[in-house]
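# Coordinate analysis (summary)
Here's the letter readout for the chains.
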Amino acid sequence: MARTRSKNRLLLFLIATAVVLLFIYLLYGFEGGLLSYLRSHVTHRAQPETIISVLKLILLAALAYLIVRALRALLFNLIFRLKRGYEAPTLARNIFSIAAFTIFFLLIFSELFPQVNLGALFTTSAIFGVILGLALQDTLGNFFAGISLHADRPFQVGDVISVGQQRLTGVVEGITWRAVKIRTFQNHIVLLSNSSVAKEAIEVCPRTNLNARLVYFNTLYTDSPAKAIHIVREAVREADNVSQKITPIVRIRNLGESGIEYEIKYWLEDYARYNDTDALVRQRVWYAFRRAGLTFNFPTRTVELERKSRTAITESDQGPLIERLSAVDIFAPLSAEETVTLAKTSVRHVFAPGEVVIRAGDAGSSMFVVHNGRVQVQVNENGRARPVAVLNEGDFFGEMALFTGEPRTANVVALEETEVLEIGHVAMKGLFETNPDLVEALSHIIAERRQGLADRPDGGPVQDDESAGIIASIRRFFRLS
Ligand code: CMP
């Protein structure tokens, strides 16, 4: 699109240059003829020579204009962008064009009208200059403020700025003769006159800088600060647009009336998206609180909410969980009583879209069943995540580390808000002892998933000795006879 536009512009420029050159050629070539024609036909007071000179002035000025355009494109588009790596400001381009054109024009004028004394013309127009100056006071003020903004370069296009006491905030879209143009976070365009910007205090958050934000939260006095700080820091550090270069800081800012008040300081990749990122950080805090059994300090709700948000499963919750667990194929052989016990000992966790449930390489002593939502299994390859599988409601994961004692083999990431049931080592050990077939069923699944991880999903049927090896390691790890 931009390419076609610049092609069209170039074509237009070439056509205009050709036309102007043709007229200049014709005017100079047929000057004598035109002069005698004018002498015989023009009865007006104007001298035919003056008419010719004015025509020449117009055509040469047009040519000068085209030359200035070409020079400007060469200087700013090619040299400036290539050397400096960013676009030259509009104001600088315009100043260049006007200065170059004025010089060309004055040279042409003095060549065509040597009898006119330009110096005198300028000096005698002092009164006119004063009148003009007064009339243009604001415009000139903006113009010079614009020049000083360009010289100082306190901010650039793409930076976020907050101006004045009103703290008018937005992303800088351009700096022109008259004004700084910003796009606010409500997607409105605001024009701030250069002179007012030059007078006001400006907070600049450069695009290339790692800018920080503060987000606040609080907990009950009964919640351990060390735990809250750790949980929140881990939940926030991997959120989208939170810089990986600096670990977020979580610290207590006040011991308030009804709870401990904290602040999270985090750094953003793209500061212009801070509203969304603040919101995501708060969302992550909520989910992390929910999983860790921490509670925000809303006094009247505190006690009840804590009980409810605790991950232990209450009587009324059990029905759907028993249903969910009995639908998981590996648990099919369990008796009704065993499924109920399993449901009672499982722990519910909820994850936000994009949150990591399991991280490859971590140690793990539990497995998970997807109760609601969906997760994606990913392996890290050359620093990029390769999706291996998507697991839906009723599927399980995390069994490899749980049953073999090896580190987690893959990342498992929530694709949407996902609730999982966590089943621990102890609960599984009891089941293995009463259901020896369970070990075999699991060994097959683990062997198949290992093939998927090695990127050979159709690597043929699982070999018996592969399964046998897994069975042996499960037995060893769980100390089964
Ligand atoms: P674990 O190694 O404990 O942690 C990562 C989990 O991802 C792993 O257990 C499996 O449950 C799951 N996983 C690994 N590979 C696959 C696969 N190919 N298909 C489905 N799930 C898998």
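Residues numbered from 1 in each chain as written. Predicted model: local features only at pLDDT ≥ 70, side-chain atom pairs only at ≥ 80, totals over all residues. Heavy atoms only, no water.

### Comments concerning the overall build of the chain
Counting its secondary structure elements, the chain contains 17 helices and 16 strands. Per-residue burial for the chain yields a buried fraction of 39% across its 481 residues. Within the chain, residue pairs in contact and separated by at least 24 positions form 67% of the contacts whose partners lie at least 6 positions apart. Total accessible area computed for the chain in this model is approximately 27,900 Å², and 58% of it derives from carbon and sulfur atoms. (Helix = DSSP H or I, 4+ residues; strand = E, 2+ residues; numbered from the N terminus. Buried < 20%, exposed > 50% of the residue type's maximum accessible area, 1.4 Å probe, protein only. Contact = heavy atoms within 4.5 Å. Areas by Shrake-Rupley, 256 points an atom, 1.4 Å probe, with all protein chains shown as cover.)

### Side note on the sheet that holds strand S7 (residues 249-255)
Reading across from one edge, S6-S8-S7 is the order of the 3 strands in this open sheet, with antiparallel pairing throughout. Every interior strand has two partners, whereas the edge strands, strand S6 (211-219) and S7, have only one. For this sheet, the mean angle separating the axes of adjacent strands, direction not counted, is 25 degrees. Summarising the sheet, S7 and strand S8 (residues 260-268) pair through 6 bridges and their orientation is antiparallel. When the bridges of S8 are listed, Val250 appears paired with Ile264. Seen against the sheet, helix H9 (residues 225-237) touches S6, S7 and S8 and runs at an angle of roughly 25 degrees to S8. (Pairing = 2+ DSSP bridges. Axes fitted to C-alpha atoms, helices over the stretch in contact; angles between N-to-C directions.)

### Things to note about helix H16 (residues 436-453)
Compared with an ideal rise of 1.5 Å per residue, which puts 18 residues at 26 Å, H16 spans 27 Å between its outermost C-alpha atoms and is within 8% of the ideal. Within the sequence span of H16, burial applies to Leu438, Val439, Leu442, Ser443, Ile445, Ile446, Ala447, Gln451, Gly452 and Leu453. (Expected span 1.5 Å × (residues − 1).)

### Details of the side chain of Asn241
The topology assignment puts Asn241 in the loop between H9 and S7. Polar contacts involving the side chain of Asn241 include one to the side chain of Thr277, which spans 2.9 Å. With near-sequence residues (within four places) excluded, Asn241 lies in contact with Trp267, Leu268, Glu269, Asp270, Arg273 and Thr277. (Polar contact = N/O pair within 3.5 Å; in protein donor to acceptor, adjacent residues only side chain to side chain.)

### Quick look at the nonpolar core
Ranked by size, the top nonpolar core spans 45 residues in total, and within it Ile330, Phe331, Met367, Phe397, Phe403, Met428 and Phe432 carry the most contacts. A total of 7 residues in this core trace back to one element, the largest contributor, which is H16. For Phe432, the contacting residues outside a window of four places in its chain are Phe403, Leu438, Val439, Leu442, Ile474, Phe478 and Leu480. (Core = buried A, V, L, I, M, F, W, Y, C linked by side-chain atoms within 4.5 Å.)

### With respect to a nonpolar patch on the surface
Together, Leu11, Ile15, Val19, Leu22, Phe23, Tyr25, Leu26 and Phe30 line one region of the surface with nonpolar side chains, adding up to about 830 Å² of accessible area. Along the chain, the position of Phe30 falls in the loop between helix H1 (2-29) and helix H2 (31-41). You can call Phe30 exposed: its relative accessible area is 55%. (Patch = residues over 30% accessible without salt bridge, like charges linked within 9 Å, V, L, I, M, F, W, Y side chains within 5 Å. Salt bridge = Lys/Arg side-chain N within 4 Å of Asp/Glu carboxyl O.)

### Focus on the site of the ligand
Neighbouring residues of the ligand: 16 residues in total, closest Gly398, Glu399, Ala401, Arg408 and Thr409. One of the side-chain N or O atoms of Arg449 is found 3.1 Å from an oxygen atom in the ligand. In isolation the ligand has 460 Å² of accessible area, and contact with the protein removes 96% of it. Broken down by secondary-structure element, the contributors of at least two residues to the shell around the ligand are strand S13 (384-391), helix H14 (399-404) and H16. Of the residues contributing to the shell around the ligand, the split by class is 10 nonpolar, 3 polar and 3 charged. (Near = heavy atom within 4 Å. Nonpolar A, V, L, I, M, F, W, Y, C, P; charged D, E, K, R; others polar.)

### Observations regarding the packing of H9 against helix H10 (residues 274-292)
One can describe the packing of H9 onto H10 by two numbers: an axis separation of 9 Å at closest approach and a directional angle of 130 degrees. With respect to H10, the element H9 is oriented oblique. The handedness of the crossing between H9 and H10 comes out as right-handed. For the pair H9 and H10, the contacting residues are Lys227, Ile231, Val232, Ala235 and Val236 in the first and Val281, Arg284, Val285, Ala288, Phe289 and Ala292 in the second. Of the residues contributing to the contact of H9 with H10, the split by class is 9 nonpolar, no polar and 2 charged. (Parallel < 35°, antiparallel > 145°, perpendicular 65-115°, else oblique. Left-handed = near helix turned anticlockwise from the far one by under 90°.)

### Observations regarding the environment of Leu35
On the secondary structure map, Leu35 appears in helix H2. Beyond its immediate stretch of four places on either side in the chain, Leu35 contacts Pro48, Glu49 and Ile52.

### Concerning the confidence of the model for the chain
Do not read the predicted coordinates in detail wherever pLDDT is low. When pLDDT is averaged along the chain, the result is 84; 86% of the residues meet or exceed 70. Throughout residues 304-310 the model reports pLDDT below 50, and contacts reaching past four residues in sequence, or to other chains, amount to 6 contacts. (pLDDT = per-residue confidence, 0-100.)

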